[in-house]
Amino acid sequence: MFNQLERSILSVPTNIAEGSGQSTDPKFAAFVGIAIGSVTESKSHIAQIEKLGLLPREDVAAWREELQRIRRMSESLQRRLLSGELERFREPLHRRLSE
């Protein structure tokens, strides 16, 4: 159970990092969406861990709070990417590839 939780948690920043290398903000936003799915998966694992009594309630509450914070940040990033608000901050693809 803890291995599954670790994998789902680690996939959040991995997907965001991979998405940041995409050529357009909508493509980046799709990877952020996958990261949000991984947060949801992690919350599911935490619920099962709580149900099985494998962690103290205080730890479970802290995990839930942190995952919710990560979800809110990821959703905000995704909305801003899809709205085009961040486009001006992204370096053109040809510049990134030439480095």
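Shown above is the structure to which this text applies.
Being a predicted model, the structure only gives us computed values, none of them experimental.

Engineer: Please give an account of the overall build of the protein chain that cites residues and values.
Structural biologist: In terms of helices and strands, the protein chain carries four helices and zero strands. In sequence order, the secondary structure elements of the protein chain are arranged as α-α-α-α. Across the protein chain, contacts joining residues at least 24 apart in sequence account for 68% of those joining residues at least 6 apart. Split by element, the accessible area of the protein chain, about 6500 Å² in all, is 55% carbon and sulfur.

Engineer: For the packing of helix α1 (residues 2–20) against helix α2 (residues 25–51), give the residues involved together with the corresponding values.
Structural biologist: Axis separation between α1 and α2 bottoms out at 8 Å; the angle between their running directions is 165°. In terms of their interaxial angle, α1 and α2 are classed as roughly antiparallel. Crossing angle aside, the handedness with which α1 passes α2 is left-handed. Taking contact as the criterion, the partners of Phe-2, Gln-4, Leu-5, Ser-8, Ile-9, Ser-11, Val-12, Asn-15, Ile-16, Glu-18, Gly-19 and Ser-20 in α1 are, on α2, Phe-28, Phe-31, Val-32, Ile-34, Ala-35, Ser-38, Val-39, Glu-41, Ser-42, His-45, Ile-46 and Ile-49. Broken down by class, the residue content of the contact of α1 with α2 amounts to 13 nonpolar, nine polar and two charged.

Engineer: Describe the nonpolar core, listing the residues and the values that go with them.
Structural biologist: By size, the foremost hydrophobic cluster in this structure holds eight residues: Leu-5, Val-12, Ala-35, Val-39, Ile-46, Ile-49, Val-60 and Leu-67. Here this core gets four residues from one element, more than from any other, and that element is α2. Ile-46 has contacts with Leu-5, Val-60, Trp-63, Arg-64 and Leu-67, leaving out every residue within four places of it along the chain.

Cut-offs used in this document
Residues numbered from 1 in each chain as written. Predicted model: local features only at pLDDT ≥ 70, side-chain atom pairs only at ≥ 80, totals over all residues. Heavy atoms only, no water. Helix = DSSP H or I, 4+ residues; strand = E, 2+ residues; numbered from the N terminus. Contact = heavy atoms within 4.5 Å. Areas by Shrake-Rupley, 256 points an atom, 1.4 Å probe, with all protein chains shown as cover. Axes fitted to C-alpha atoms, helices over the stretch in contact; angles between N-to-C directions. Parallel < 35°, antiparallel > 145°, perpendicular 65-115°, else oblique. Left-handed = near helix turned anticlockwise from the far one by under 90°. Nonpolar A, V, L, I, M, F, W, Y, C, P; charged D, E, K, R; others polar. Core = buried A, V, L, I, M, F, W, Y, C linked by side-chain atoms within 4.5 Å. Buried < 20%, exposed > 50% of the residue type's maximum accessible area, 1.4 Å probe, protein only.

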